[in-house]
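# Inside the fold
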Amino acid sequence: MSRTSRGLVPALHVLTDTREGRDPLPDVRAAVSSGPCAVQVRAKDLSDRDHLALTLAVIAVARPAGCLVIVDDRVDVAVAADADGVHLGASDLPVDLVRTITPPEFVIGATARDALTAKAAEDLGASYLGVGPAYATTTKAGLPEPLGPEGVALVVAATSLPVIAVGGVTAAHVPALRAAGVHGVAVVTAVSEATHPTAAAAALAAALGCPPTPPTPPAAPGAPRSESRTTSTRA
Ligand SMILES: Cc1ncc(COP(=O)(O)OP(=O)(O)O)c(N)n1
Ligand SMILES: Cc1nc(C(=O)O)sc1CCOP(=O)(O)O
Ligand SMILES: [Mg+2]
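Residues numbered from 1 in each chain as written. Chains lettered and ligands numbered in written order. Predicted model: local features only at pLDDT ≥ 70, side-chain atom pairs only at ≥ 80, totals over all residues. Heavy atoms only, no water.

The protein goes by Thiamine-phosphate synthase in an unreviewed UniProt entry, where it is assigned to Terrabacter terrigena.

The next subject is the coordination of the magnesium ion (ligand 3). Within the protein, Asp72 (OD) and Asp73 (OD) serve as the donor atoms for the magnesium ion (ligand 3), at 1.8 to 2.4 Å. Its relative accessible area of 7% is what places Asp72 among the buried residues. (Donors = N, O, S within 2.8 Å, 3.2 Å for Na, K, Ca; no water. Buried < 20%, exposed > 50% of the residue type's maximum accessible area, 1.4 Å probe, protein only.)

Right, let's talk about the pairing of strand 5 (residues 107-111) for a bit. When you tally the buried positions in strand 5, you get four out of five residues, the bulk of the element. Of the pairings in the sheet, the one linking strand 4 (residues 85-88) to strand 5 comprises four bridges and is parallel in character. Paired with Gly85 across the two strands is Val107, which belongs to strand 5. As a crossover connection, the stretch from strand 4 through helix 4 (residues 95-100) into strand 5 is right-handed. Where strand 5 and strand 6 (residues 128-131) come together, three bridges link them in parallel fashion. Each bridged residue has a counterpart across the sheet, and for Gly109 the counterpart in strand 6 is Tyr128. Between the parallel pair strand 5 and strand 6, the chain is carried across by helix 5 (residues 115-124), and the sense of this crossover is right-handed. (Helix = DSSP H or I, 4+ residues; strand = E, 2+ residues; numbered from the N terminus. Pairing = 2+ DSSP bridges. Right-handed = clockwise from strand over helix to strand, strands pointing away.)

The immediate surroundings of ligand 2 are formed by 15 residues, with Thr137, Thr139, Gly168, Val188 and Thr189 found nearest. In this structure, Pro133 approaches ligand 2 through a main-chain N or O atom, which is 3.1 Å from an oxygen atom. A distance of 2.6 Å separates an oxygen atom of ligand 2 from a polar atom in the side chain of Thr137. Burial of ligand 2 by the protein chains amounts to 96% of its free accessible area of 430 Å². (Near = heavy atom within 4 Å. Polar contact = N/O pair within 3.5 Å; in protein donor to acceptor, adjacent residues only side chain to side chain. Areas by Shrake-Rupley, 256 points an atom, 1.4 Å probe, with all protein chains shown as cover.)

Ranked by internal contacts, the top residues of the largest apolar core, which has 59 residues, are Leu129, Leu177 and Val185. Looking at which element gives the most residues to this core, the answer is helix 2 (residues 48-62), with five residues. Ignoring sequence-local partners within four residues, the contact set of Val185 consists of Ala11, Leu12, His13, Ile164, Ala165, Val169, Val174, Leu177, Leu204 and Leu208. By size, the runner-up hydrophobic cluster in this structure holds ten residues, among which are Val9, Leu15, Ile164 and Ala186. (Core = buried A, V, L, I, M, F, W, Y, C linked by side-chain atoms within 4.5 Å. Contact = heavy atoms within 4.5 Å.)

Attention now moves to the packing of helix 1 (residues 25-32) against helix 9 (residues 197-207). Direction vectors running N to C along helix 1 and helix 9 enclose 40 degrees, while the axes themselves pass 8 Å from each other. On the basis of the axis angle, helix 1 is oblique to helix 9. In terms of crossing hand, the pair formed by helix 1 and helix 9 is right-handed. Contacts between helix 1 and helix 9 involve Asp27, Ala30 and Ala31 from the former and Pro197, Thr198 and Ala201 from the latter. Grouping the amino acids of the contact of helix 1 with helix 9 by side-chain chemistry returns four nonpolar, one polar and one charged. (Axes fitted to C-alpha atoms, helices over the stretch in contact; angles between N-to-C directions. Parallel < 35°, antiparallel > 145°, perpendicular 65-115°, else oblique. Left-handed = near helix turned anticlockwise from the far one by under 90°. Nonpolar A, V, L, I, M, F, W, Y, C, P; charged D, E, K, R; others polar.)

What follows deals with the confidence of the model for the protein. Residues with a pLDDT of 70 or more make up 87% of the protein, whose mean pLDDT is 90. Predicted confidence for residues 224-235 stays below pLDDT 50, and this span has 34 contacts to residues more than four positions away or in other chains. What the predictor reports for the complex is a pTM of 0.90 with an ipTM of 0.99. (pLDDT = per-residue confidence, 0-100.)

Before going further, it helps to spend a moment on the pattern of salt bridges. Applying the stated criterion to the full structure yields twelve salt bridges. We note a salt bridge from Lys44 to Asp73, for which the minimum N-O separation is 2.5 Å. Of this pair, Lys44 sits in the loop between strand 2 (38-41) and helix 2 while Asp73 sits in the loop between strand 3 (68-72) and helix 3 (75-80), placing them 29 residues apart in sequence. Judged by its relative accessible area of 48%, Lys44 is partly exposed. The residue Lys119 makes a salt bridge to Asp123 at a minimum N-O spacing of 3.3 Å. Residue Lys119 and its partner Asp123 are located together in helix 5, separated by four residues, close to a single helical turn. One network of salt bridges, in which partners are shared, links Asp17, Arg19, Arg22 and Glu193. (Salt bridge = Lys/Arg side-chain N within 4 Å of Asp/Glu carboxyl O.)

Take a look at the structure:
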């Protein structure tokens, strides 16, 4: 899949769980089996070379499945790997600067925990907002109190950008978050710590109303094997 245009942001974002001793690629395969989602390469302790290698490996799995690959924090790694986008937090490079050094349709996500930050990120050219923590999470330390669906709704009201709720989200939370106006959700442990990651990703996609993966038609005798799907990103 080629790069998506701004506005075509998938509803399900699955973030890599790169804690010590974990191989994130099985979770990436589980995520992309749920349909055309976004996979975010989130890795805090890798060398630049390993970060690039992981991103390339994720792209090799996700792109043939029609999924976007977004790199957390590191626009240099994202551009070097020809990923689809980057997710920027408060201490990362500013959204408007990153917009000037990335291709026109590059997806730029920005973290926003309140209405003011959301409006500012939109004005600077963000493609979507990651808003959280929606619920309590053990994946990331040092976060403020959970916003809950009510707090997320306040941020939604301040922006016309797609809002992706993050932090402690499971499929069971999706109805309340959707009622709060979110476009989608981002998860780590709802997939990485699930007994059956593929089923967990499918449950998230179903709760979000994402189209299921179309069945692969049987290959004609002698035809080359193709893993690509024709579905586009979720609007
Ligand atoms: C979809 C999404 N939303 C928010 C975040 C948090 O990003 P950031 O503020 O950069 O914090 P770290 O993930 O880097 O710890 C995200 N990654 N994705
Ligand atoms: C990476 C991240 N960012 C958050 C934020 O609120 O900015 S919460 C979070 C962790 C998400 O992991 P889980 O789905 O396991 O709770
Ligand atoms: Mg970040």
